[in-house]
Structures are given as structure tokens and as C-alpha cells.
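Residue-level listing of the chains:
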Amino acid sequence: MMIRSIVSSASSSRSTILARNLFPAVATTPPAIVPKSISLQNTTRERRSLATDADQKVYDDFLSNLSPPRRKMFTILNDYRTKNFSQCTNTRFFKTIISAVDANNDDLISMEEYETLLKNIGAEEQMTKEDMDAIFDELGVGEDEKVIPVDLIKKSWEPLMKIVIPK
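The rules behind the values
- Residues numbered from 1 in each chain as written.
- Predicted model: local features only at pLDDT ≥ 70, side-chain atom pairs only at ≥ 80, totals over all residues.
- Heavy atoms only, no water.
- Helix = DSSP H or I, 4+ residues; strand = E, 2+ residues; numbered from the N terminus.
- Buried < 20%, exposed > 50% of the residue type's maximum accessible area, 1.4 Å probe, protein only.
- Contact = heavy atoms within 4.5 Å.
- Areas by Shrake-Rupley, 256 points an atom, 1.4 Å probe, with all protein chains shown as cover.
- Phe/Tyr/Trp six-rings, centres within 6.5 Å; stacked < 30°, edge-to-face > 60°.
- Expected span 1.5 Å × (residues − 1).
- Polar contact = N/O pair within 3.5 Å; in protein donor to acceptor, adjacent residues only side chain to side chain.

### Thoughts on the overall build of the protein
Along its length, the protein carries nine helices and two strands. Listed N to C, the secondary structure of the protein is α-α-α-α-α-α-β-α-α-β-α in terms of helices and strands. Scored against the burial criterion, the 167 residues of the protein give a buried share of 30%. When contacts within the protein are restricted to residue pairs at least 6 apart in sequence, those whose partners lie at least 24 apart make up 60%. For the protein, the accessible surface area stands at approximately 11,800 Å², while carbon and sulfur atoms represent 56% of it.

### As for the packing of aromatic side chains
Under the counting rule described, the total for this entry stands at seven aromatic pairs. Ring centres 5.1 Å apart and planes at 65° place the aromatic pair Phe-62 and Phe-74 in the edge-to-face group. One end of the pair, Phe-62, is in helix α4 (residues 53-64); the other, Phe-74, is in helix α5 (residues 68-84), with twelve residues separating them in the sequence. Both residues of the pair, Phe-62 and Phe-74, belong to the buried class. Their ring planes at 50° and their centres at 6.0 Å tell us that Tyr-80 and Phe-85 sit as a pair that is tilted. Residue classification places Tyr-80 among the partly exposed residues on the basis of a relative accessible area of 23%.

### Structural notes on α5
With 17 residues, α5 should cover 24 Å at 1.5 Å per step; its first-to-last C-alpha distance of 24 Å lies within 8% of that length. Those residues of α5 hidden inside the fold are in contact with α4, α6 (90-101), α7 (111-120), α8 (129-139) and α9 (150-157).

### Here we look at the side chain of Ser-67
Mapped onto the fold, Ser-67 is located in the loop between α4 and α5. One polar contact links Ser-67 to Glu-138, side chain to side chain, over a distance of 2.6 Å.

Here you go:
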């Protein structure tokens, strides 16, 4: 019985020595204590809510390149994003809006689809018929009924996909 205890003790210490040789940092270093305030999760959450100076410049350049009706439409969508999609990335919000507005999935947005979007988000009173006509005259293609290609909208929104939009 005494021999078994000595053998088992020896094999146990051999295992510990082996573990220390194979994984020295694990066997000898206590786990690091990371304060909650600098954890990756909190840093990511803070990043989503804080715009940098570079983000502000991209945002300002984006807005300055929009015509007044497009700026108005962007403001409406951005207000909706802030109220209803505040925890979402710009890319996710953009995809959600595009899939909502392009109801028939033809990669073309008609005036009716745009009007339905505005109605669904409660903003139909904020855009006039003249504003909508101006947007479709600026971006639309087609002779009889002007439509806006989804790819054109994606391209115009591209600068906003990688920044935090300032509040």
C-alpha cells in the first residue's frame, strides 16, 4: 500500500514537471486580471458611440456632396437609424433599408418603393413630391419611369460604411 502511494505521488509530480516543461507560462503564471473598463467588449461598445475627427471629416464631406433633397432624405434616414437602430452598424442598417425599400428585389428602386419606405418609417410628411422628383432626376435612370439602381445608392453610401456617424 505504501509503495502504491509513493508511485502515485511520483507519477503525479512527474505530470506536474512535464506540464511545467511543456506549458511554462500556464503552469507558473497566474491569470491576468483585466479591469472591466479596458475589456475588448467595452472598448468595442465605446467605439461604436464615439466618432473620431477622421469620421467627422468623412461625414462632413459626404453631406457637402449631397444635393439639398438628398441631404434631407439622408437626415430622415439617419434620424430613423439613431432612434431605431442605434446598436447596429452602418452596414447592417444600410442593408436593412435597401431590402425594405427594394420590395420586389429587382435591384432598382422606384418612386413608389421610396414613398412606401417613407410611409413605413413615419416620414411621408417630411419629403415633398418636389424633393422626391429632384432625387429621381439626379440619380434615376430610364425614360418612362425613372428608377434608381441599388448599386448607385450603395456606391454613394460607401464612405459611411467604415465610420461612426457623429450624433
